[in-house]
Amino acid sequence: MEQFTGKVWVLGDDIDTDIIIPTEYLALPTVEDMKQYGFSPLRPELAGQIGEGDIIVAGKNFGCGSSREQAPEIIKALKVRCVIAKSYARIFFRNSINNGLLLIENSEIQNVVKEGDMLTVNVGESLVHDGQSYAIRSLPDNLMDILNAGGLVKAMQKKNGVI
Amino acid sequence: MGHTVIEKIIQKNTGAAVVKPGDIVTVNVDRVMIHDIFIPFVADKFEEMGFQSLWDTDKVVLIYDHLVPTSAVEDVRHFKIGDAFVKKFGVKHVHRSDGICHQLMTEAGYAKPGDIVFGTDSHTTTYGCVGCFSSGIGYTEMAAILGTGEMWIRVPETIKVQIDGTLPDNVYAKDVILRLLGDLRADGATYKALELCGSTVDNMSVASRMTISNMAVEAGAKACLFRPDEKTCAYSGVPLSDVDWIYGDADAQYCKVLTYKAEDLTPVVACPSQVDNIHNVEEVAGTELNQVFIGSCTNGRLEDLKVAAEILDGKTVACKCIITPASRKIYMEAIEAGYMETLAMAGCIITQPGCGLCCGRSGGILCDGETVLATNNRNFLGRMGTSKVGIYLGSPATAASSAIAGKIVVP
């Protein structure tokens, strides 16, 4: 079982894809060019503060709004290790899995965690904060297969025999 | 045990005798739509995945709408990449200046009753207006479909929305969907399908149904389906006998049923900056406006322009009022009907059909402290300019009446 620990950034409910990456930056050539604008309508300084291995903890309906796949890509490009939210919007959920971004559903951790706290994730099993453990579920097998392949591109490359 | 509309469509598509919510199935995709914003990413992923050809060149539709006409030099790159992809792989259907993707997909007959269609845009739920199961996906998944023609889906549960009776004169389809979003909330239909029925819905035009299915995704819905009828068949060019199987059975299992009496509904607006922040127009009446926007794939159809033209006939707008028809066909029909002349005489700014202001890229961007009343589908922070723009969403009637007053008024 995979385990990691990261610093927490706390966001609220209904964090939409226009907040994660506004449309005006979508025509920039690469996700690397866009990532400095991540979350800018809500917290312009946040993209510069997030560090490698950090964890985003949010409320319900994370990633609602458009189908822009740059939303999970920006979060990955900012080197966020995983997102923990009460629930996710459908398209964002699929896009995250397809890009190899780990999403965890949990509705308890928001009550105890503060921004800057350290949180340990035991993938598919539990979250550990301040000595307390909170159970989490594993994803369905077909989704874990895509995540484990490293995303949908890699899964298709295997199918097409190019890797 | 009976079935919901979406269960029947999935059963027919997969050949499975029975599917139930929660089943994960692989469907054969009938059509896909890619728009200009995402074509560079789709093209890139498609080649990176190692595909040599499209699964079916006839089933792929590429539509330029978000960046038409360009408003920044880097926008041109999207068209160049799109055109190169079309040439290399033989995409059969390309629209370069015909209007907004979600209007064109049913208007040009690409998405038909009973079909399963995916698009690289969240508002792909729109085609449910003709009884098509359509949903938005990301560009990586689109690239995989382009190569395989297949897509895995989880069979969704269905929420039934029953609306009966006659809507008051100043209440429109937009008010119906906004009310529904206020009741369901922004995540109330996540992973689920909506199915609309009842005499109010039966009496609606396909265009009005489109306003509803377009915004269903704002409650998180995977799809939003209407039973096809004579009006649908006339619009989609299919015989009734081809679509008479597309309805929810009386004993189908719904996870939730919402019931409305049309006479109880009122003109409403979504207040800044969430689509489910719904209030009666009366409550916010008097709010000063810098701009009004009438159009988009939500409310840029002929019936919407007609309502606006009737209200603005002989009047003068008191603030900027931008009109954006959903397609070139609608634009020409509105000219023919005299609506465009009426709107221009009233002082409106008429733009090309396209996504324009709705996606905040061009044609009326606002700045800090400004307020706009718009008929499109989203009022998120920063959607139409800076994050300090207040965006209210309402019907074309509310918008046109408010444009005359320069402040929000009850239509």
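Residues take numbers from 1 onward in each chain, read along the sequence in its written order. Here the convention is simple: chains get letters from A, ligands get numbers from 1, in the order in which they are written. Reporting in this predicted model follows two pLDDT cut-offs: at least 70 for local features of residues, and 80 or more for side-chain atom pairs to be given and counted; totals over whole chains, interfaces and linings ignore these cut-offs and use all residues. Processing note: side-chain calculations cover all non-hydrogen atoms of the structure and skip hydrogens and water entirely.

**Student:** Which residues make up the overall build of chain B, and what values go with them?
**Tutor:** Scanning chain B for helices and strands turns up 16 helices and 18 strands. Taken along its principal axes, the extent of the C-alpha atoms in chain B is 55 × 55 × 40 Å. The contacts of chain B with a sequence gap of at least 6 include a subset with a gap of at least 24, amounting to 76%. Residue exposure ignores everything except the shown protein chains as possible cover, and the areas themselves are Shrake-Rupley values with a 1.4 Å probe. Summed over its atoms, the accessible surface of chain B is roughly 13,800 Å², and 50% of this surface lies on carbon and sulfur atoms. Each charge sign in chain B was given a centre, from 36 positive and 49 negative side chains, and these centres are 3 Å apart. Helix and strand definitions follow DSSP, with helices as H or I runs of at least four residues and strands as E runs of at least two, each counted in order from the N terminus. We call two residues in contact whenever any of their non-hydrogen atoms come within 4.5 Å of each other. Counted as positive: Lys and Arg. Counted as negative: Asp and Glu. His and the chain ends are not counted at all. In this description, the location of a charge corresponds to atom NZ of lysine, CZ of arginine, CG of aspartate or CD of glutamate.

**Student:** Give a detailed account of the sheet that holds strand 6 (residues 126-129) of chain A, specifying residues and quantitative values.
**Tutor:** Residues and elements named next belong to chain A. Read across the open sheet, the seven strands follow the order 4-3-2-1-5-6-7; overall the sheet is mixed. The open sheet is flanked by strand 4 (102-105) and strand 7 (132-135), the only strands paired with a single partner. Pairwise comparison of adjacent strand axes, ignoring direction, gives a mean angle of 30 degrees for this sheet. Here strand 1 (residues 3-10) pairs with strand 5 (residues 118-122) via five bridges, running antiparallel. Of the residues in strand 5, the one forming a bridge with Lys7 is Met118. Between any two strands, at least two bridges found by DSSP are needed for them to pair. Every axis corresponds to a line fitted to the C-alpha atoms, with the helix fit spanning only the stretch in contact, and the corresponding angles, defined between N-to-C directions, vary from 0 to 180 degrees.

**Student:** How would you explain the pairing of strand 1 of chain A if you had to name every residue and give the values?
**Tutor:** Both strand 1 of chain A and strand 2 (residues 55-57) of chain A contribute to a ladder of three bridges, which runs parallel. Its bridge partner lying in strand 2 of chain A, Val8(A) is registered against Ile55(A).

**Student:** Describe the pattern of salt bridges, and please don't skip the residues or the numbers.
**Tutor:** The term salt bridge refers to a pairing of a side-chain nitrogen on Lys or Arg with a carboxyl oxygen on Asp or Glu at a separation within 4 Å. Under the definition given, this model contains 23 salt bridges over all chains. Salt-bridge contacts for Glu141(B) lead to Arg94(A); the nearest nitrogen and oxygen are separated by 2.9 Å. Linking Glu141(B) in helix 5 (residues 139-148) with Arg94(A) in helix 5 (residues 90-98), this pair reaches from one chain into another. For the residue pair Glu141(B) and Arg94(A), the accessibility class agrees, reading buried in each case. The network of salt bridges with common partners includes Asp14(A), Lys60(A) and Asp187(B). Whether a residue is buried, partly exposed or exposed follows from its accessible area with a 1.4 Å probe, protein chains only, as a fraction of its type maximum: under 20%, in between, or over 50%, in that order.

**Student:** Tell me what's going on with the interface of chain A and chain B, and back it up with residues and numbers.
**Tutor:** The partner chain B presents 41 residues to the 43 residues of chain A that form the contact. Of the roughly 3,600 Å² buried at the junction of chain A and chain B (both faces included), carbon and sulfur atoms supply 54%. Buried area counts how much accessible surface, traced with a 1.4 Å probe, disappears from two parts once they are put together, with both parts' losses summed. Looking at the side of chain A facing chain B, the largest losses of area belong to Ala27(A), Arg90(A) and Arg94(A), adding up to 19% of the total buried there. Across the chain A-chain B interface, the total number found is four salt bridges. Here Asp18(A) ties to Arg383(B) by a salt bridge, and the two come within 3.3 Å at their closest N and O atoms. As used in this structure description, the phrase polar contact means that two N or O atoms lie within 3.5 Å; if the pair is within protein, one of them must be able to donate a hydrogen and the other to accept it, and residues adjacent in sequence are counted only when both atoms belong to side chains. Between chain A and chain B we count 17 residue pairs in polar contact (both at pLDDT 80 or more) in total. Here the side of chain A that touches chain B gets six residues from one element, more than from any other, and that element is helix 5 of chain A. Three classes are used: nonpolar for Ala, Val, Leu, Ile, Met, Phe, Trp, Tyr, Cys and Pro, charged for Asp, Glu, Lys and Arg, and polar for all others, with Gly counted as polar. When the residues that make up the side of chain A that touches chain B are grouped by side-chain class, the tally is 18 nonpolar, 13 polar and twelve charged.

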